[in-house]
Amino acid sequence: MKQAVAKAAIAHIPAGCIVGVGTGSTANFFIEELGHIKQRIGGAVASSEASAQRLKHLGIPVLDLNSVDELPVYVDGADEITRNLAMIKGGGGALTREKIVAAVARKFVCITDQSKLVDMLGRFPLPLEVLPMARAQVAREITRLGGQPLLRQGFTTDNGNIILDVHHLQIPDPVAFESMLNQIVGVVTNGLFARRGADVLLLGTADGVMTLTAGRHDTKVS
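What you see is a predicted model, and the numbers here were worked out from it, not measured in a lab.

Peer 1: Explain the overall build of the chain to me, using residue names and the numbers behind them.
Peer 2: Check the secondary structure of the chain and you find six helices and 14 strands. Its C-alpha atoms give the chain a radius of gyration of 17 Å, within 12% of the compact-globule value 17 Å for 222 residues. Principal axes of the C-alpha set define a box for the chain whose edges measure 50 × 35 × 30 Å. The proportion of buried residues among the 222 residues of the chain is 55%. For the chain, contacts bridging at least 24 residues in sequence account for 70% of all contacts bridging at least 6. Working note: accessible area of the chain is about 10,400 Å², and carbon and sulfur atoms make up 51% of it. In the chain, 22 side chains carry a positive charge and 21 a negative one; their mean positions are 1 Å apart.

As structure tokens, then:
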């Protein structure tokens with residue numbers, strides 16, 4: 001299913017464009033597909049050092065986001081996603097850079113399999129990238145909000161920070177909760193992608209790739 005949605009995402013890549021590329025197992029399938037059309041694109045902006053290395057290995061130029069005037073499309077996976085195309089991301093720890101690239105892109109194409117589609121976000125632990133000196137303070141604030149924060153042991157982000165994974169959440173209003181978390185001092189980024197969710201979801205199912213579009217309830221299978 002992951003390979004099928006990665007192939008389907010190629011149809012969303014305009015010729016000659018710079019492509020935003022995400023991080024994780026499904027994004028890795030997409031990077032492999034990009035390698036087959038590398039002569040048709042101008043290069044890529046990567047959301048992590050790991051993805052950048054994969055792209056370079058395939059001979060795809062990797063550009064710094066600050067040097068790019070326009071990013072027509074960003075393709076990445078999700079740890080959870082609703083039919084409204086709000087997501088939890090950051091299982092791989094690249095949530096901050098992923099959120100920055102998503103903010104710049106005109107279109108965000110999410111690629112994932114049907115196991116990630118949920119009615120309400122929160123079953124997957126919500127990652128928070130946190131400044132190390134603020135770990136205890138942020139943990140106390142999260143506990144007050146009803147979550148159980150656990151330090152991701154032995155992990156440091158590409159930005160030199162730590163990750164707190166927040167368990168036991170139910171998030172009926174992800175836009176409001178994302179904004180609330182952003183106000184906690186010491187939180188660099190939270191893993192809710194709701195204020196800027198996906199524009200298109202390519203969902204791998206046993207019957208093929210289902211397409212869901214933001215703001216619409218219709219689907220199609222290819």
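Peer 1: Tell me about the packing of aromatic side chains, residues and numbers included.
Peer 2: Under the definition given, this model contains one aromatic pair. Seen in terms of ring centroids, Tyr74 and Phe108 are 5.0 Å apart; in terms of plane orientation they differ by 50°. Their pairing is tilted. Of this pair, Tyr74 sits in strand S3 (residues 73-76) while Phe108 sits in strand S6 (residues 107-113), and the two are 34 residues apart along the sequence. In this structure, Tyr74 and Phe108 share a single accessibility class: buried. Above the face of the Phe193 ring, Lys99 is positioned so that its terminal group lies 5.0 Å from the ring centre.

Peer 1: How would you summarise the sheet that holds strand S8 (residues 148-151) if you had to cite specific residues and measurements?
Peer 2: If you walk across this open sheet you meet the four strands as S8-S9-S7-S10, and the pairing is antiparallel. The open sheet is flanked by S8 and strand S10 (187-190), the only strands paired with a single partner. Ignoring which end each strand starts from, the neighbouring axes of this sheet average 30° apart. Two strands pair when backbone bridges link them, and strand S7 (residues 126-130) and S10 are joined in this way by three bridges, in the antiparallel orientation.

Peer 1: Can you tell me about helix H1 (residues 2-9), naming the residues and giving the values?
Peer 2: What H1 keeps buried is the set Val5, Ala6 and Ala9. Angular distribution of buried residues about the axis of H1 spans 105°; they occupy a single face of the element. Packing partners of the buried residues in H1 comprise helix H2 (25-36), S3, S6, strand S12 (200-205) and strand S13 (208-213).

Peer 1: Hey, could you go over the nonpolar core for me, with residue numbers and the actual values?
Peer 2: Judged by nonpolar contacts, the single largest core of 26 residues is most densely connected at Val19, Phe30 and Leu34. Mapped by element, the contributors of at least two residues to this core are H1, strand S1 (18-21), H2, strand S2 (43-46), helix H3 (49-57), S3, S6 and S12. Contact partners of Val19, with chain neighbours within four places excluded, come to Ile13, Phe30, Leu34, Ile41, Gly43, Ala44, Val45, Leu71 and Val73.

Peer 1: Quick one: what's the story with a nonpolar patch on the surface, residue by residue and with numbers?
Peer 2: On the surface, Leu131, Met133 and Val188 cluster together into a nonpolar patch covering about 320 Å² of accessible area. Within the secondary structure, Val188 sits in strand S10. Given the relative accessible area of 35%, Val188 is considered partly exposed.

Peer 1: Report on the environment of His168, specifying residues and quantitative values.
Peer 2: Here His168 is to be found in the loop between strand S9 (162-167) and helix H6 (174-182). Judged by its relative accessible area of 62%, His168 is exposed. Here the alpha-carbon distance between His168 and Gly147, two residues 21 residues apart in the chain, equals 5.6 Å. When neighbours within four sequence positions are excluded, His168 is seen to be in contact with Gly146 and Gln148.

Peer 1: So what about the pattern of salt bridges? Which residues, and what values?
Peer 2: Two side chains carrying opposite charge are able to pair once their charged atoms lie near each other. Counted under the stated rule, the structure contains ten salt bridges. Between Glu80 and Arg123 there is a salt bridge whose closest N-O contact spans 3.8 Å. You can see Glu80 sitting in strand S4 (residues 80-81) and its partner Arg123 sitting in the loop between S6 and S7, a full 43 residues away along the chain. Notably, a salt bridge pairs Glu141 with Arg144, separated by 2.6 Å at the nearest N-O pair. Of the two residues, Glu141 and Arg144 both sit in helix H5 (residues 135-144), three residues apart, roughly one turn of that helix. Classification of Arg144 as exposed rests on a relative accessible area of 60%. One continuous salt-bridge network, built from bridges that share partners, spans Asp76, Lys89 and Glu98.

About the thresholds
- Residues numbered from 1 in each chain as written.
- Predicted model: local features only at pLDDT ≥ 70, side-chain atom pairs only at ≥ 80, totals over all residues.
- Heavy atoms only, no water.
- Helix = DSSP H or I, 4+ residues; strand = E, 2+ residues; numbered from the N terminus.
- Rg over C-alpha atoms; globule rule 2.2 N^0.38 Å.
- Buried < 20%, exposed > 50% of the residue type's maximum accessible area, 1.4 Å probe, protein only.
- Contact = heavy atoms within 4.5 Å.
- Areas by Shrake-Rupley, 256 points an atom, 1.4 Å probe, with all protein chains shown as cover.
- Lys, Arg positive; Asp, Glu negative; His and termini not counted.
- Charge placed at Lys NZ, Arg CZ, Asp CG, Glu CD.
- Phe/Tyr/Trp six-rings, centres within 6.5 Å; stacked < 30°, edge-to-face > 60°.
- Lys NZ or Arg CZ within 6 Å of the ring centre and 35° of its normal.
- Pairing = 2+ DSSP bridges.
- Axes fitted to C-alpha atoms, helices over the stretch in contact; angles between N-to-C directions.
- Arc of directions from axis to C-beta.
- Core = buried A, V, L, I, M, F, W, Y, C linked by side-chain atoms within 4.5 Å.
- Patch = residues over 30% accessible without salt bridge, like charges linked within 9 Å, V, L, I, M, F, W, Y side chains within 5 Å.
- Salt bridge = Lys/Arg side-chain N within 4 Å of Asp/Glu carboxyl O.

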